[in-house]
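Secondary and tertiary structure notes
Listed below are the residues making up each chain.
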Amino acid sequence: MFIQTEATPNPATLKFLPGRVVMPEGTFEAKTPEAGEVSPLAQRLFAVPGVTGVFFGYDFVTVTKADGEWQHLKPAILGAIMEHFMTGAPLFANGYGASQEDGEEFFDDADAATVETIKELLETRIRPAVAGDGGDITFRGFKDGTVYLVMKGACSGCPSSTATLRHGIQNLLRHFLPDVREVQAV
């Protein structure tokens, strides 16, 4: 098994591509070992000293570190991922659902058409680019011209995430939807 690695815009996060589907649908993020207890792979990754976050996408795993150098952490992380896939263990234990809820969406019923357009733009134009960087972004709400988004994986805590929100996503949404004034991460 050959696992590729890619840098992400977040220097504390590295993207691992095992060459197979990790999650057929949805995403999963664990920012603590306790949150990762539902996944044997997440447990293996959190067992590596210095690992502080795990994110699963369609065909990748991103791992976030607290400290230490990647050159020292990478072999143990690669070993954990390889061991998981070679043993054929399930990604989740005890029937855990594939998608994780980000909390309830909120918006005015009068804004339903605008929200649908926001979601379509997120799905078709923004999420694929964000997934390429090892993360995900989902809609949370829309109120008084502000779009609220949840950033996950490499995008969560990334130094360039503010620029991505302000200059990329906000400008794109404003271009198509004049009702949008700003975008904020939740």
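That block above? That's the structure.
First, a word on scope: everything that follows refers to the structure included in this document. Computed from a predicted model, the values in this text were never measured in an experiment. (Residues numbered from 1 in each chain as written. Predicted model: local features only at pLDDT ≥ 70, side-chain atom pairs only at ≥ 80, totals over all residues. Heavy atoms only, no water.)

1. Points about the overall build of the protein
- From N to C terminus, the protein includes four helices and nine strands.
- The order of helices and strands in the protein, counted from the N terminus, is β-β-β-α-β-β-α-β-α-β-β-α-β.
- For the protein, whose C-alpha radius of gyration is 17 Å, the value lies close to the compact-globule estimate of 16 Å for 186 residues.
- Overall, the C-alpha framework of the protein stretches about 50 × 35 × 25 Å when taken along its three principal axes.
- Relative to its full complement of 186 residues, the protein shows a buried share of 42%.
- Relative to all contacts within the protein whose residues are 6 or more apart in sequence, the contacts with residues 24 or more apart total 61%.
- Accessible surface, the protein: about 9500 Å² in total, of which carbon and sulfur atoms supply 51%.
- With 15 positive and 24 negative side-chain charges, the protein shows a separation of 5 Å between the mean positions of the two kinds. (Helix = DSSP H or I, 4+ residues; strand = E, 2+ residues; numbered from the N terminus. Rg over C-alpha atoms; globule rule 2.2 N^0.38 Å. Buried < 20%, exposed > 50% of the residue type's maximum accessible area, 1.4 Å probe, protein only. Contact = heavy atoms within 4.5 Å. Areas by Shrake-Rupley, 256 points an atom, 1.4 Å probe, with all protein chains shown as cover. Lys, Arg positive; Asp, Glu negative; His and termini not counted. Charge placed at Lys NZ, Arg CZ, Asp CG, Glu CD.)

2. A word on the pairing of strand β5 (residues 61–65)
- For β5, the buried fraction is high: five of the five residues fall into the buried class.
- Taking every second residue as pointing to the same face, both faces of β5 are buried, with V61, V63 and K65 on one and T62 and T64 on the other.
- For strand β4 (residues 51–56) and β5, the ladder comprises five bridges, and the chain directions are antiparallel. Its bridge partner being in β5, G53 is matched across the sheet by T64.
- Here β4 folds back onto β5 in antiparallel fashion, the turn holding four residues. (Pairing = 2+ DSSP bridges.)

3. Regarding the pairing of strand β7 (residues 135–143)
- Counting buried residues in β7 gives eight out of nine residues, a clear majority hidden from the surface.
- The pairing of strand β6 (residues 106–107) with β7 spans two bridges and is parallel. Of the residues in β7, the one forming a bridge with F107 is F142.
- Here β7 pairs with strand β8 (residues 146–153) via eight bridges, running antiparallel. Bridged to K143 within β8 is T146.
- Linking two consecutive strands that pair antiparallel, namely β7 and β8, is a turn of two residues; a positive phi of about 50° is found at D144 within it.

4. Points about the pattern of salt bridges
- Here the structure, examined in full by the defined rule, presents five salt bridges.
- The partner of E83 in a salt bridge is R44, with the nearest N and O atoms 3.5 Å apart. Residue E83 is found in helix α2 (residues 70–87), and its partner R44 is found in helix α1 (residues 40–46); the two are separated by 39 residues along the sequence.
- On the accessibility criterion, E83 (44% relative accessible area) is partly exposed.
- Between R127 and D136 there is a salt bridge, with its nearest N and O atoms 2.7 Å apart.
- Note on R127: relative accessible area 21%, which makes it partly exposed.
- When its relative accessible area of 3% is taken as the criterion, D136 is described as buried.
- Put simply, E123, R127 and D136 are held in one network by salt bridges that share partners. (Salt bridge = Lys/Arg side-chain N within 4 Å of Asp/Glu carboxyl O.)

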